[in-house]
Amino acid sequence: MTIDRRSFMAASLFTGLAAGEALAQTAPPSDAGKSPPAGLPEPAETIDLWPKGAPGMPDRPPVEVVTERSAIAQVNDRSVTGTTRPRLVVFRPDRPNGAAVLITPGGGYRLVVIDKEGYEMARWLTARGFTAFVLFYRLPGEGWKDRQNVPLADAQRAMRLIRHRAKDYGVQPERVAAMGFSAGGHVCSSLSTRFDAKVYAPLDAADRLSARPFCAAPIYPVVSMDSAIAHAGSRDLLLGPAPTAEMETAYSPDRTVPKDAPPHFLLHAEDDAAVPVDNTVRLRAALKAQGVPVETHLFAQGGHGFGLRGTIGKPVEAWPDLWRAWARAIGLA
């Protein structure tokens, strides 16, 4: 099979990154589909969020399916649907810097992207000393009770579990950031604005801890449920086909920003044809109105869903280093 230049560069980028990381992860997950190309670090372990089963289980639970979407052997692009066992997969660095990042990949609330907005970002972070946790969250359109709150409940529980077990990972409990992409950006921004919302019944000591991230980075995020700018698929799957105006408000993070929201790093491409840039612009305005520190980067080109691999050769390629510089400036790392 012929590999085009962009695909070859992407494969080289991630293979080279893996070779340079010398990370400690050796246990491949049993639940993420086929193995990645040789040499790429895999998660060190898996943490189940709900030890007695996720709340609100559908009468007919979905079946988890991992799909490989990539046509290139050197680069995986897996996605997962039907998650009934919400979980964190953990990537450990060799030399922890004391900070962690909770990653919520995108997928339009129809699926969760494993590699492109999950594992690849986790590998980039661990190469720089961060402990990374990729969240396999439940999808609201798969029959769960209280569907609108299912992704946020998983994100809150994940943040609290990371803090509860921080000592095990060499992480300072207060230094846990959130980063999310596309619909995962909605999960991230919901967590950063509704961290105190009561969306599940407490289970154990972990649930006495705060779910507020140290900082948040919604990347090309779904934010607003306003039909004028909403990502229609995410809106329908989260809220159902006929949401009320009150529901649109309650589940639009730009309309629920508290004064104690954490600092935000916002990133979007203005040529995003899937999620209009106005989602990020509205969130920025709401954060500024509440006096919340916010750094915003808008790029003319980049489209949607670029993650790391889709930035090659474009100005938006700089975004991970911009995030890291910002993280240093606010004391995350």
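Above this text you will find the structure in question.
Residues numbered from 1 in each chain as written. Predicted model: local features only at pLDDT ≥ 70, side-chain atom pairs only at ≥ 80, totals over all residues. Heavy atoms only, no water.

**Some words on the sheet that holds strand S3 (residues 78–81)**
No. 1: Ordered in space as S2-S3-S6, the three strands form an open sheet in which the pairing is antiparallel. Because the sheet does not close on itself, it has two edges, and the strands there are strand S2 (65–68) and strand S6 (112–113).
No. 2: Of the strand pairs in this sheet, S2 and S3 are connected by four bridges, and their pairing is antiparallel. Each residue of the ladder has a partner; that of Thr 67, found in S3, is Ser 79. (Pairing = 2+ DSSP bridges. Helix = DSSP H or I, 4+ residues; strand = E, 2+ residues; numbered from the N terminus.)

**A look at the nonpolar core**
No. 1: Among the nonpolar cores identified, the biggest contains 79 residues, and Trp 319 and Trp 323 are the most heavily contacted of them.
No. 2: Discounting residues that sit within four places of it in the chain, Trp 319 has contacts with Met 121, Met 179, Phe 181, Ile 219, Phe 265, Leu 267, Phe 306, Gly 307, Leu 308 and Thr 311.
No. 3: Within the second largest apolar cluster, nine residues are counted, among which are Ala 261, Leu 266, Val 292 and Val 294. (Core = buried A, V, L, I, M, F, W, Y, C linked by side-chain atoms within 4.5 Å. Buried < 20%, exposed > 50% of the residue type's maximum accessible area, 1.4 Å probe, protein only. Contact = heavy atoms within 4.5 Å.)

**Quick notes on the sheet that holds strand S5 (residues 100–104)**
No. 1: The eight strands lie next to each other as S1-S4-S7-S5-S8-S9-S10-S11, forming an open sheet whose pairing is mixed. Of all the strands in the sheet, the pair left with one neighbour each is strand S1 (45–48) and strand S11 (294–299). Taken over all neighbouring pairs, the strand axes of this sheet differ in orientation by 20° on average, direction set aside.
No. 2: As judged from the five bridges shared by S5 and strand S8 (residues 176–181), these two strands associate in the parallel manner. Note on S8: the bridge partner recorded for Ala 100 is Val 176.
No. 3: Contacts from helix H8 (residues 319–329) reach S5, S8, strand S9 (216–219), strand S10 (264–269) and S11 within the one sheet, and its direction differs from that of S10 by about 165°. (Axes fitted to C-alpha atoms, helices over the stretch in contact; angles between N-to-C directions.)

**With respect to H8**
No. 1: Taken residue by residue, H8 has Trp 319, Pro 320, Trp 323, Trp 326 and Ala 327 as its buried positions. For H8, the angular spread of the buried residues around the axis is 125°, confining them to a single face.
No. 2: In this structure, the buried residues of H8 make contact with S5, helix H2 (115–126), S8, S9, S10 and S11.
No. 3: Just beyond H8, the residue with positive phi is Gly 331, at close to 95°. (Arc of directions from axis to C-beta.)

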